[in-house]
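Each chain is listed here by its residues.
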Amino acid sequence: MDFSRLETSSKIGDGWIYPAAQAANSGWLEVDAEAGHRLYWEEYGAADGEPVMFLHGGPGGACAPDMARFFDLSRYRVILFDQRGCGKSEPNVAAAGPAAALRNNTTADLIGDIEKLRDALRIAGKMHVFGGSWGSTLAMAYAIEYPQHCASLILRGIFLGASEDLRYLYQGNAATWHQAPHALTAPGAYISYPDEWGELLSVLTVEERADVMASYKAIFDMVPTTEAERAKQLHAALTWSLWEGVISNMIPEDAAAGKFGDADFALCFAQIEAHYFANDLFLAPGHLLGGAATLASIPVHIVHGRFDQVCPLTQASRLVDALRGAGAEPATYVITNAGHSAMERENALALTAIMDGLPPIAG
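Quick caveat: nothing in here was measured; it's all calculated off a predicted structure. (Residues numbered from 1 in each chain as written. Predicted model: local features only at pLDDT ≥ 70, side-chain atom pairs only at ≥ 80, totals over all residues. Heavy atoms only, no water.)

**Quick notes on the overall build of the protein**
In step 1: Secondary structure summary: the protein contains 14 helices and eight strands in total.
In step 2: Whereas a compact globule of 363 residues would reach a radius of gyration of roughly 21 Å, the protein reaches 20 Å, a difference of no more than 12%.
In step 3: For the C-alpha atoms alone, the extent of the protein along its principal axes is close to 60 × 45 × 40 Å.
In step 4: Burial status across the protein gives 55% buried among its 363 residues.
In step 5: Sequence-distant contacts, at least 24 apart, represent 72% of the contacts inside the protein between residues at least 6 apart.
In step 6: Of the roughly 14800 Å² that the protein leaves accessible, carbon and sulfur atoms contribute 53%. (Helix = DSSP H or I, 4+ residues; strand = E, 2+ residues; numbered from the N terminus. Rg over C-alpha atoms; globule rule 2.2 N^0.38 Å. Buried < 20%, exposed > 50% of the residue type's maximum accessible area, 1.4 Å probe, protein only. Contact = heavy atoms within 4.5 Å. Areas by Shrake-Rupley, 256 points an atom, 1.4 Å probe, with all protein chains shown as cover.)

**Description of the sheet that holds strand S7 (residues 300-305)**
In step 1: Taken together, the eight strands give an open sheet; going across it, the order is S1-S2-S4-S3-S5-S6-S7-S8, and neighbouring strands pair in mixed fashion. Both edges of this open sheet fall to strand S1 (25-32) and strand S8 (332-336), since each of them pairs with a single strand only. Strand-to-strand twist across the sheet, computed as the mean angle between neighbouring axes with direction ignored, equals 20 degrees.
In step 2: Where S7 lies against S8, five bridges are found, and the strand directions are parallel. Bridged to Val-303 within S8 is Val-334.
In step 3: Against the sheet, helix H13 (residues 314-325) makes contact with strand S6 (150-156), S7 and S8, and its axis sits at roughly 155 degrees relative to S7, the strand it touches most. (Pairing = 2+ DSSP bridges. Axes fitted to C-alpha atoms, helices over the stretch in contact; angles between N-to-C directions.)

**Regarding the pattern of salt bridges**
Pairing between side chains of opposite charge can happen when their charged atoms approach one another.
In step 1: Here the structure, examined in full by the defined rule, presents 14 salt bridges.
In step 2: For the salt bridge of Asp-66 with Arg-69, the shortest nitrogen-to-oxygen distance reads 3.5 Å.
In step 3: Exposure remark for Asp-66: the relative accessible area of 33% places this residue in the partly exposed category.
In step 4: One salt bridge in this structure joins Asp-221 and Lys-217, with 2.8 Å as the shortest N-O distance. One end of the pair, Asp-221, and the other, Lys-217, are both in helix H8 (residues 212-221), four residues apart, so they sit about a helical turn from each other.
In step 5: Using a relative accessible area of 49% as the deciding quantity, one classes Asp-221 as partly exposed.
In step 6: What you see here is one network of salt bridges that share partners, running through Asp-32, Arg-84 and Asp-113. (Salt bridge = Lys/Arg side-chain N within 4 Å of Asp/Glu carboxyl O.)

**Here we look at helix H14 (residues 345-357)**
In step 1: The terminal C-alpha atoms of H14, which comprises 13 residues, lie 18 Å apart, in line with the 18 Å expected from a rise of 1.5 Å per residue.
In step 2: The buried fraction of H14 is high, at 10 of 13 residues.
In step 3: Taken as a whole, H14 has its buried residues at Arg-345, Asn-347, Ala-348, Leu-349, Ala-350, Leu-351, Thr-352, Ala-353, Ile-354 and Met-355. (Expected span 1.5 Å × (residues − 1).)

**Some thoughts on the side chain of Asp-113**
In step 1: The residue Asp-113 is located in helix H4 (residues 107-120) in this model.
In step 2: Residue classification places Asp-113 among the buried positions, given a relative accessible area of 1%.
In step 3: What Asp-113 contacts, discounting residues up to four positions off in sequence, is Val-31, Leu-39 and Arg-84.

**Quick look at the environment of Ala-23**
In step 1: With respect to the element layout, Ala-23 can be found in the loop between helix H1 (5-8) and S1.
In step 2: Put simply, Ala-23 and Val-78 are 55 residues apart on the chain and 9.4 Å apart in space, counted from C-alpha to C-alpha.
In step 3: Not counting residues within four places of it along the chain, the set of residues in contact with Ala-23 comprises Glu-42, Glu-43 and Tyr-44.

**Describing the side chain of Lys-217**
In step 1: Of the residues examined, Lys-217 reaches a relative accessible area of 18% and is grouped as buried.
In step 2: When sequence neighbours within four positions are dropped, the list of residues in contact with Lys-217 reads Ala-274, His-275 and Ala-278.

**Things to note about H4**
In step 1: End to end, H4 covers 20 Å across 14 residues, agreeing with the expected 20 Å (1.5 Å per residue, within 8%).
In step 2: Taken together, the buried positions of H4 are occupied by Thr-107, Leu-110, Ile-111, Asp-113, Ile-114, Glu-115, Leu-117 and Arg-118.
In step 3: Arg-122, located one to two residues past H4, shows a positive phi value of around 60 degrees.

**Looking at the confidence of the model for the protein**
In step 1: Overall, the predicted model of the protein reaches an average pLDDT of 94, with 94% of residues at or above 70.
In step 2: With pLDDT under 50 throughout, residues 1-15 is counted as low confidence; its partners more than four residues away or in other chains account for 33 contacts. (pLDDT = per-residue confidence, 0-100.)

**Some details on the packing of aromatic side chains**
In step 1: Inspection of every chain in the model, using the stated rule, returns 22 aromatic pairs.
In step 2: Both rings, one in Tyr-170 and one in Phe-277, keep their centres 5.9 Å apart while their planes meet at 50 degrees; by these two values the pair is tilted. Pair noted here: Tyr-170 is in helix H6 (residues 163-170) and Phe-277 is in helix H10 (residues 263-278), with a separation of 107 residues, a long-range link. For the residue pair Tyr-170 and Phe-277, the accessibility class agrees, reading buried in each case. (Phe/Tyr/Trp six-rings, centres within 6.5 Å; stacked < 30°, edge-to-face > 60°.)

**A few points about the packing of H8 against helix H9 (residues 227-247)**
In step 1: Running from N to C, H8 and H9 cross one another at 140 degrees; their axes reach a closest spacing of 9 Å. What the angle tells us is that H8 and H9 run oblique. Where H8 crosses over H9, the handedness of that crossing is left-handed. When H8 is examined against H9, the residues Met-213, Tyr-216, Ile-219, Phe-220 and Asp-221 are found in contact with a partner set consisting of Lys-232, Gln-233, Ala-236, Ala-237, Thr-239 and Trp-240.
In step 2: Looking at the contact of H8 with H9, its residues break down into seven nonpolar, two polar and two charged. (Parallel < 35°, antiparallel > 145°, perpendicular 65-115°, else oblique. Left-handed = near helix turned anticlockwise from the far one by under 90°. Nonpolar A, V, L, I, M, F, W, Y, C, P; charged D, E, K, R; others polar.)

Take a look at the structure:
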């Protein structure tokens with residue numbers, strides 16, 4: 001696999017390896033008549049190409065056309081879709097509210113949706129499954145359920161979603177922050193982003209900071225009856241969204257100027273994440289690493305930023321250890337000098353190099 005492009009290619013944002021492309025097809029697929037869920041999907045590339053199922057992050061992050069730019073579209077048929085409750089899928093949390101959009105919205109439902117989309121798009125054989133962050137979680141959960149449909153897993157920013165992982169991201173020193181905001185009393189992403197951490201905690205009272213995720217979820221679960229309550233809920237959603245947006249890049253960007261600062265995106269992103277995190281991702285404890293023997297039967301390609309503060313590198317280390325314990329090395333394991341975002345130069349180029357170097361799907 002040729003990783004020389006990591007040294008020679010221009011910065012992502014100034015020049016991708018592959019150009020922007022128009023979707024070849026798009027549409028909606030009804031996946032749950034009872035709850036009214038229908039998914040928005042787009043298809044890029046060669047109609048007879050090797051299928052790639054792209055799983056976005058969040059949960060609640062939605063897809064964007066640039067996500068097709070990791071792929072040689074003369075070779076691949078890339079499927080992007082917005083998961084339940086977000087993006088252009090319906091009902092959408094921002095437009096319809098959480099009561100409608102979070103109904104029947106679990107990991108098992110999303111795995112079932114992938115199967116329904118496969119069938120609707122007539123993907124009969126194996127496909128590559130490509131996902132980062134929460135998308136890596138969903139990709140692994142899907143592969144454990146349907147290994148026979150997976151030619152390879154391409155995973156970026158491994159997210160296992162254990163309690164320790166979530167506490168690193170959202171709890172840190174929150175309980176004692178009012179006494180000593182810069183004290184290193186617990187591990188956490190706050191260490192590298194102290195000002196942004198202060199913004200996240202500013203929404204909560206001292207008492208509420210004892211459990212940051214639960215306190216934010218209580219705000220999101222509120223049914224606003226006044227303009228003040230609506231403003232409080234939107235402010236909380238934007239603050240939650242901007243926290244993850246800014247810490248996703250090793251060199252922080254102005255997250256407020258991008259999607260993380262958009263009100264509709266933030267309402268979906270924050271409320272869907274809080275819903276999944278409060279329910280342990282709707283996965284049994286240890287489910288992903290417990291399925292390592294199944295994952296080891298599939299070529300697993302991993303890209304993880306050394307400086308990732310959303311999903312620290314230890315999560316990739318735990319997955320690699322589990323695969324080795326099941327008797328298999330990762331097909332690729334690249335640790336980049338980058339943070340969490342797939343769009344950071346080293347992450348994007350590594351992912352593109354992996355896709356360029358994959359052997360064709362047999363048969």
